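Chain by chain, the residues run as shown.
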2 protein chains.
Amino acid sequence: MTKNKVNISFRIWFYTGNEKFLGKGRVELLERIDKTGSISSAAKGMKMSYRQAWQMVNEMNERASEIVVEKSLGGKGGGGATITKAGEKAIQQFHEFEKKVAQFIADESKNLNF
Amino acid sequence: MTKNKVNISFRIWFYTGNEKFLGKGRVELLERIDKTGSISSAAKGMKMSYRQAWQMVNEMNERASEIVVEKSLGGKGGGGATITKAGEKAIQQFHEFEKKVAQFIADESKNLNF
DNA sequence: TATCGCTATTCATTTAAAAACATAATGAAA
DNA sequence: TTTCATTATGTTTTTAAATGAATAGCGATA
């Protein structure tokens, strides 16, 4: 009867009310928007269609009390998108929370076997 | 600037090595097998095809060091399936772990706003 | 030895989510 | 006033996952 070590994986999501607001994927999207300055190039960088990326951004903006992405239309480069202070805070809080949970799970799972 | 309360949802998965072994859905499947005595009626009770249920059971048995479901073929009622001691333990440990994580997250998320 | 309901397995079909495609609309700047 | 890359939005196509259907095998028991 060999015992196997059990590893635990997890995911967390932030909700506002009962609507999904932020998860790992959306955080990555926000970070890429921050880095590239546009939804379209952020989407290109992940395996994601522009349409979906745009929709995600829109949902997040609708569901947060302050928008997380400021979008601009037309102009020099056609427009673009930037992360707001509220967006930066959301990203940071998500990472922090995820880290805490990871630490907790790592501690608690040390002696879990089958 | 109204702040919204943020709720956090999560899911955890048990892995043996780097293969998924157990998650919320599979735990429910095991519990239904336990209650009904067969994979087929357990599957019927959830929104799940017998095929998938059978495959899940098979995967779990392959990936655990001891099988979690004992299957019997033919005989009086055509056969059936029962949960082993190892299976019961797995279910119990999953629930316990999930509960601990839920408590941790509830505590940590008390003052999270946007 | 016939029956019965289950396990076991293959193959076709359905479905839902995402991608891909197409096309306006925008507005600063040259 | 033309250009440009982007946002914005509707429509079609692809893809992946699950379901559904069909069939064989099993074996205790009546």
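Just above, that's the structure.
Residues numbered from 1 in each chain as written. Chains lettered and ligands numbered in written order. Predicted model: local features only at pLDDT ≥ 70, side-chain atom pairs only at ≥ 80, totals over all residues. Heavy atoms only, no water.

J.: Any chance you could break down the relation of the copies chain B and chain A for me, citing the residues and the numbers?
T.: Overlay of chain B on chain A (RMSD 0.1 Å): rotation 180 degrees, translation along the axis 0.0 Å. Read as a symmetry element, the transformation amounts to a two-fold axis. For chain B, the smallest separation between a C-alpha atom and the rotation axis is recorded for Arg11(B), amounting to 2.7 Å. Looking at the interface residues of chain B, 100% of them are also at the interface in chain A, so both copies use one shared face. (Least-squares fit on C-alpha atoms with pLDDT ≥ 70 in both. Contact = heavy atoms within 4.5 Å.)

J.: Which residues make up the sheet that holds strand β2 (residues 19–22) of chain A, and what values go with them?
T.: For sheets, the rule is that strands pair by backbone hydrogen bonds, running either parallel or antiparallel. Spatial ordering of the open sheet is given by β2(A)-β1(A)-β1(B)-β2(B), a layout of four strands whose pairing is antiparallel. What marks the edges here is a single partner per strand, and that holds for β2 of chain A together with β2 (19–22) of chain B. Within the sheet, the average angular offset between the axes of one strand and its neighbour, ignoring direction, is 55 degrees. Bridging between strand β1 (residues 6–16) of chain A and strand β1 (residues 6–16) of chain B involves 11 bridges; their strand directions are antiparallel. Bridge assignment links Phe10(A) to a residue of β1(B), and that residue is Ile12(B). Together, β1 and β2 of chain A form the strand contacts of helix α1 (residues 24–36) of chain A, whose direction differs from that of β2(A) by roughly 45 degrees. Set on the sheet, helix α4 (residues 85–108) of chain A makes contact with β1 and β2 of chain A together with β1 of chain B; between it and β1(A) the angle comes to about 150 degrees. (Pairing = 2+ DSSP bridges. Helix = DSSP H or I, 4+ residues; strand = E, 2+ residues; numbered from the N terminus. Axes fitted to C-alpha atoms, helices over the stretch in contact; angles between N-to-C directions.)

J.: So what about the protein's contact with DNA strand D? Which residues, and what values?
T.: Taken together, the neighbourhood of DNA strand D is formed by 22 residues, with Ile39(A), Trp54(A), Gly78(A), Lys47(B) and Gly75(B) sitting nearest. Here a phosphate oxygen of DNA strand D and a side-chain polar atom of Gln52(B) are 3.1 Å apart. Of all the secondary structure elements, the ones that give two or more residues to the surface near DNA strand D are α2 (39–45), α3 (50–63), β3 (69–73) and β4 (79–83) of chain A together with α3 (50–63) of chain B. Class assignment of the residues belonging to the surface near DNA strand D gives a composition of six nonpolar, 11 polar and five charged. (Near = heavy atom within 4 Å. Polar contact = N/O pair within 3.5 Å; in protein donor to acceptor, adjacent residues only side chain to side chain. Nonpolar A, V, L, I, M, F, W, Y, C, P; charged D, E, K, R; others polar.)

J.: Could you give an account of the pairing of strand β3 (residues 69–73) of chain B, with specific residues and numbers?
T.: All names here are of chain B. Note that β3 and strand β4 (residues 79–83) share five bridges and pair antiparallel. In the sheet register, Lys71 faces β4, and the bridge partner there is Ala81. Between β3 and β4, which follow one another and run antiparallel, lie five residues, and Gly74 among them has a positive phi close to 70 degrees.

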